[in-house]
Amino acid sequence: MYLEREKIIEKLNPAVCNWQSILVLESTGSTNKEAYDLAMIGGGANTVIMTEYQTAGRGRMNRSWEAGKGNSILFSIILRDKRITSPGVLMLTAAASLRETVAEITGRDDVLIKWPNDVFIGAKKCCGILAQAGVDKKGDSFYVLGIGLNVNNALEEFSNLPQGTSLFVETGHKYNRNEVAAKLFNKLSKKFGENIENILAECRDFSYTIGREVCVDQQNKEIRGKAVGIDDDGFLIVLDSDNVAHKIICGDVL
Ligand code: BTN
């Protein structure tokens, strides 16, 4: 079944979600690039660009994001919401929404957030989030939130990605992507209205990272230690072997 704008819209809850402006492309380079370019020329808030396939999908840290045709939910949304104060907070809000959506859909109790932006089922990643900030030609600031959720992807798609998985691989069920997308959109819109303390509490309660020994790759340096918490700004706190606490603002947590 294809992604269809009308099928998604009919499942949106108008009390929480007004994301009616949905564009579904058969294929594109990257939905984040499409959304960013549109936002730069004044594209409207809550415009969603979805696609069945990306030829140049982007991940964090300049990595690529690959997904076979017609199996994932791949989209980017333009946000012009003053309640979003940083890309970090946006990513954690998105991660909390995704975690809840995946847990509800699959019924699994091991759906967790790997700080800052991955959603894991067990020890494998089913979803990635890419947040970008920009300022358009009129000087108005915006965010682009890009999400790739592996839904009906077969195990073979992950032959080169041993840490990757999909909802299908984990549960043996195929899911209606229009319904999953609508559920996720409702959840995201609702979470944007929640206060940050609740979001942070959820990220802490369902953290894959807290309590683990980690190595944070910050490109020019590495920090090793135990992840002990997420602070009130959403930063990860890592305690090294000398008991020195490091505040991790960005970086790859291995
Ligand atoms: C990551 O885990 O590194 C983030 C991956 C984000 C992938 C999504 S797929 C839809 C949107 N368009 C892109 O090019 N990237 C994001």
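The rules behind each value
- Residues numbered from 1 in each chain as written.
- Predicted model: local features only at pLDDT ≥ 70, side-chain atom pairs only at ≥ 80, totals over all residues.
- Heavy atoms only, no water.
- Pairing = 2+ DSSP bridges.
- Helix = DSSP H or I, 4+ residues; strand = E, 2+ residues; numbered from the N terminus.
- Axes fitted to C-alpha atoms, helices over the stretch in contact; angles between N-to-C directions.
- Contact = heavy atoms within 4.5 Å.
- Buried < 20%, exposed > 50% of the residue type's maximum accessible area, 1.4 Å probe, protein only.
- Near = heavy atom within 4 Å.
- Polar contact = N/O pair within 3.5 Å; in protein donor to acceptor, adjacent residues only side chain to side chain.
- Areas by Shrake-Rupley, 256 points an atom, 1.4 Å probe, with all protein chains shown as cover.
- Nonpolar A, V, L, I, M, F, W, Y, C, P; charged D, E, K, R; others polar.

Engineer: Where do I start with the sheet that holds strand β6 (residues 124-135) in this structure?
Structural biologist: Strand pairing in a sheet relies on backbone hydrogen bonds. The paired strands run either parallel or antiparallel. An order of β1-β2-β3-β7-β6-β5-β4 is seen for the seven strands of this open sheet, with the pairing classed as mixed. Looking at which strands have only one partner, the edges of the open sheet turn out to be β1 (22-25) and β4 (111-114). Strand after strand, the sheet turns through a mean of 20° between neighbouring axes, direction not considered. Bridge analysis of strand β2 (residues 48-51) against strand β3 (residues 72-79) gives four bridges, and the strand direction is antiparallel. Looking across to β3, one finds that Met-50 is bridged to Phe-75.

Engineer: Honestly, the side chain of Glu-52 in this entry has me stumped. Any pointers?
Structural biologist: Within the secondary structure, Glu-52 sits in the loop between β2 and β3. Those residues in contact with Glu-52 that lie beyond four places of it in its chain are Tyr-2, Leu-3, Leu-25, Glu-26, Gly-68, Lys-69, Gly-70, Leu-74 and Arg-177.

Engineer: Help me understand unusual backbone geometry, please; the structure alone is not making it clear to me.
Structural biologist: Comment: phi is negative for the bulk of residues other than glycine, and the bulk of peptide bonds are trans. Residue Pro-116 is reached from Trp-115 by a cis peptide bond, and omega for that bond is 0°. Along the chain, Pro-116 turns up in the loop between β4 and β5 (118-121). Phi at Asn-46 is positive, roughly 65°, even though this residue is not glycine. With respect to the secondary-structure elements, Asn-46 resides in the loop between α2 (31-40) and β2.

Engineer: Can you help me understand the pairing of β3 in this one?
Structural biologist: Burial runs high along β3: eight of the eight residues are buried. With burial as the criterion, each face of β3 is covered, one bearing Ser-72, Leu-74, Ser-76 and Ile-78 and the other bearing Ile-73, Phe-75, Ile-77 and Leu-79. Two strands pair when backbone bridges link them, and β3 and strand β7 (residues 141-150) are joined in this way by eight bridges, in the antiparallel orientation. The partner of Ser-72 across the bridge, within β7, is Asn-150.

Engineer: Please clarify how the sheet that holds strand β10 (residues 236-239) should be interpreted in this entry.
Structural biologist: Pairing is antiparallel in the open sheet, where five strands are placed in the order β11-β10-β9-β8-β12. The strands lining the two open edges of the sheet, one partner per strand, are β11 (245-248) and β12 (252-253). For strand β8 (residues 213-217) and strand β9 (residues 222-230), the ladder comprises five bridges, and the chain directions are antiparallel. Bridge assignment links Val-214 to a residue of β9, and that residue is Gly-225.

Engineer: I would appreciate a short explanation of the site of the ligand in the present structure.
Structural biologist: Surveying the vicinity of the ligand reveals 21 residues, the closest of which are Ser-30, Gln-54, Arg-58, Arg-60 and Lys-125. Take Ser-30: an N or O atom from its side chain is 2.7 Å from an oxygen atom of the ligand. With the chains in place, 98% of the 410 Å² that the ligand exposes on its own is no longer accessible. Counting residues per element, the ones that place at least two in the shell around the ligand are α2, β3, β6 and β7. Looking at the shell around the ligand, the element that brings in the most residues is β6, giving four residues. Of the residues that constitute the shell around the ligand, the class distribution is six nonpolar, 11 polar and four charged.

Engineer: Where do I start with the pairing of β11 in this structure?
Structural biologist: In terms of strand pairing, β10 meets β11 through four bridges, oriented antiparallel. Each residue of the ladder has a partner; that of Leu-239, found in β11, is Ala-245. Between β10 and β11, which pair antiparallel and follow one another directly, the connecting turn spans five residues, one of which, Asn-243, has a positive phi of 65°.

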